[in-house]
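# Working through the structure, step by step
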Amino acid sequence: MSKQKLSVLAKAARVSITATAAAAILPVAVTLLAAESHRPPHTPSAVVVSYDPGVGAVPRFTDPRAALGAPSQINPFGEPTDPFNPPYGTNQIVSVGAGGHLALQFHTPILNHPNNLAGLDFTLFGNTGFIITNEFDLTSFDWVGIPATDGTMFGFSTGEILVSASRNGEEYFLLDPAQSPAVDHFPPTDGAGDPGVPVAPGLTPADFVGTTLAELRALYQGSAGGASFDLDAALDSRGQSVFLPEIRFIRIDVLSGRAEIDAISAVNRVSRGRP
Ligand SMILES: [Ca+2]
Ligand SMILES: [Ca+2]
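What you see is a predicted model, and the numbers here were worked out from it, not measured in a lab. (Residues numbered from 1 in each chain as written. Chains lettered and ligands numbered in written order. Predicted model: local features only at pLDDT ≥ 70, side-chain atom pairs only at ≥ 80, totals over all residues.)

Moving on, we get to the nonpolar core. One finds A67, L102, A165, I252 and I261 to be the most contacted residues of the largest nonpolar core, which totals 42 residues. Considering each element in turn, this core owes the most residues, five residues, to strand β13 (residues 246-254). Judged by nonpolar contacts, the second largest core, of nine residues, contains F84, A148, V199 and Y220. (Core = buried A, V, L, I, M, F, W, Y, C linked by C-beta atoms within 7 Å. Buried ≥ 20, exposed ≤ 12 C-beta atoms within 10 Å, placed from the backbone. Helix = DSSP H or I, 4+ residues; strand = E, 2+ residues; numbered from the N terminus.)

As structure tokens, this is what we get:
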């Protein structure tokens, strides 16, 4: 059961829920299932440096280790995640409220390499999704026809969120918000895609109007989605551009509103002899 279907069912049952807290209406058995659900089998490539949930973080979604490892590939129901079906388990995403932050340290440095795909260096995965505009059949608990979106999204953050990067964990450099994508917003995660492949720069939600999952994936071109950042956007304390050849620390500060974080991945490099 996707968060989106749960929301539709909750609406039909006149139960008031927030999109992110959709899991709260699940029966206890399913909540237990969520606790036991999939974690990436490999050792996480990062550790949590610090976490402060701030004000307004979603209750129970406050385990910062949920941000380690690869983006979630299945939801708490065991279904594959895709841009219509984001992760929503308490062990999959961590919530950061106003005044809160999350800082991670990576064992392998994230390089600002000129051969990184599209010049982008790392990708931040949230838990937004595209709204399915098909009718919902309350008898079969399923969408009528092939699910498609009008390009509008749910579960996205509307707050002011800053992302900073550091080589040593002491001196952080702000990534200029004017040159950086929004956190926990567009584009939604596709668990079937490659987390090292950014969605092509320039694509906007408007490009996804009327798309089905297959059409949407054609636009993603193998990407797992997520907001991809360029370390070239780094600013020093005077607001001047600064070159960071590599970083080991990423910090997300939520100034207002709230954000949910699923994962952070490094962008793949185009290697010689391989396209
Ligand atoms: Ca770069
Ligand atoms: Ca996660």
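A few words now on the confidence of the model for the chain. Mean pLDDT over the chain works out to 90, with 88% of the residues at or above the 70 mark. The model gives residues 23-44 a pLDDT under 50, and that stretch makes 30 contacts with residues more than four places away or in other chains. (pLDDT = per-residue confidence, 0-100. Contact = placed C-beta atoms within 7 Å.)

Moving on, we come to helix α1 (residues 3-12). Burial in α1 covers these residues: K3, Q4, L6 and S7. Viewed end-on, α1 has its buried residues packed into an arc of 160 degrees, placing them on one side of the element. Structurally, α1 contributes buried residues whose contacts are with β5 (129-132) and β8 (149-154). Phi turns positive one or two residues past the end of α1, at R14, with a value near 60 degrees. (Arc of directions from axis to C-beta.)

A few words on the sheet that holds strand β15 (residues 263-266). With antiparallel pairing, the three strands of this open sheet are ordered in space as β11-β4-β15. Since the sheet does not close on itself, it has two edges, and those belong to β11 (227-229) and β15, each with one partner. Direction aside, the axes of adjacent strands within the sheet are offset by 25 degrees on average. Here strand β4 (residues 122-125) pairs with β11 via three bridges, running antiparallel. Of the residues in β11, the one forming a bridge with F122 is F229. (Pairing = 2+ DSSP bridges. Axes fitted to C-alpha atoms, helices over the stretch in contact; angles between N-to-C directions.)

A few words now on the sheet that holds strand β9 (residues 161-166). Ordered in space as β1-β3-β13-β9-β10-β12, the six strands form an open sheet in which the pairing is antiparallel. Of all strands in the sheet, those with a lone pairing partner are β1 (46-52) and β12 (234-235), marking the two edges. Inspection of the sheet shows β9 paired to β13 by six bridges, in the antiparallel sense. Each bridged residue has a counterpart across the sheet, and for A165 the counterpart in β13 is I250.

Turning our attention to helix α3 (residues 213-220). Within the span of α3, buried status applies to L213, L216 and Y220. The buried residues of α3 all sit within an arc of 60 degrees when viewed along its axis, so they share a single face. More than 90 degrees from the buried face of α3, the exposed residues found are A214 and A218. The first or second residue beyond α3 is Q221, which carries a positive phi of 50 degrees.

A separate point is unusual backbone geometry. Residues other than glycine predominantly adopt negative phi, and peptide bonds predominantly adopt the trans conformation. The residue after F186, namely P187, is reached through a cis peptide bond having omega -5 degrees. Its place among the elements puts P187 in the loop between β10 (172-175) and α3. We note that R60 has phi near 80 degrees; this positive angle belongs to a residue other than glycine. Residue placement: R60 occurs in the loop between β1 and β2 (94-97). A residue is classified by how many C-beta atoms lie within 10 Å of it, and R60, with 12 of them, is exposed. The phi angle at A118 is positive, at roughly 60 degrees, despite the residue not being glycine. Among the secondary structure elements, A118 is positioned in the loop between β3 (101-111) and β4.

To continue, consider the environment of A178. Along the chain, the position of A178 falls in the loop between β10 and α3. The class of A178 is exposed, set by 7 C-beta atoms lying within 10 Å. Separated by 55 residues in the primary sequence, A178 and A233 place their C-alpha atoms 8.6 Å from one another.

What follows covers the environment of D236. With respect to the helices, strands and loops of the structure, D236 is situated in the loop between β12 and β13. Its 11 C-beta neighbours within 10 Å are what place D236 among the exposed residues. Sequence-wise, D236 and F173 are 63 residues apart; in three dimensions their C-alpha atoms are separated by 5.7 Å. Beyond its immediate sequence surroundings of up to four residues, D236 is in contact with F173 and V242.

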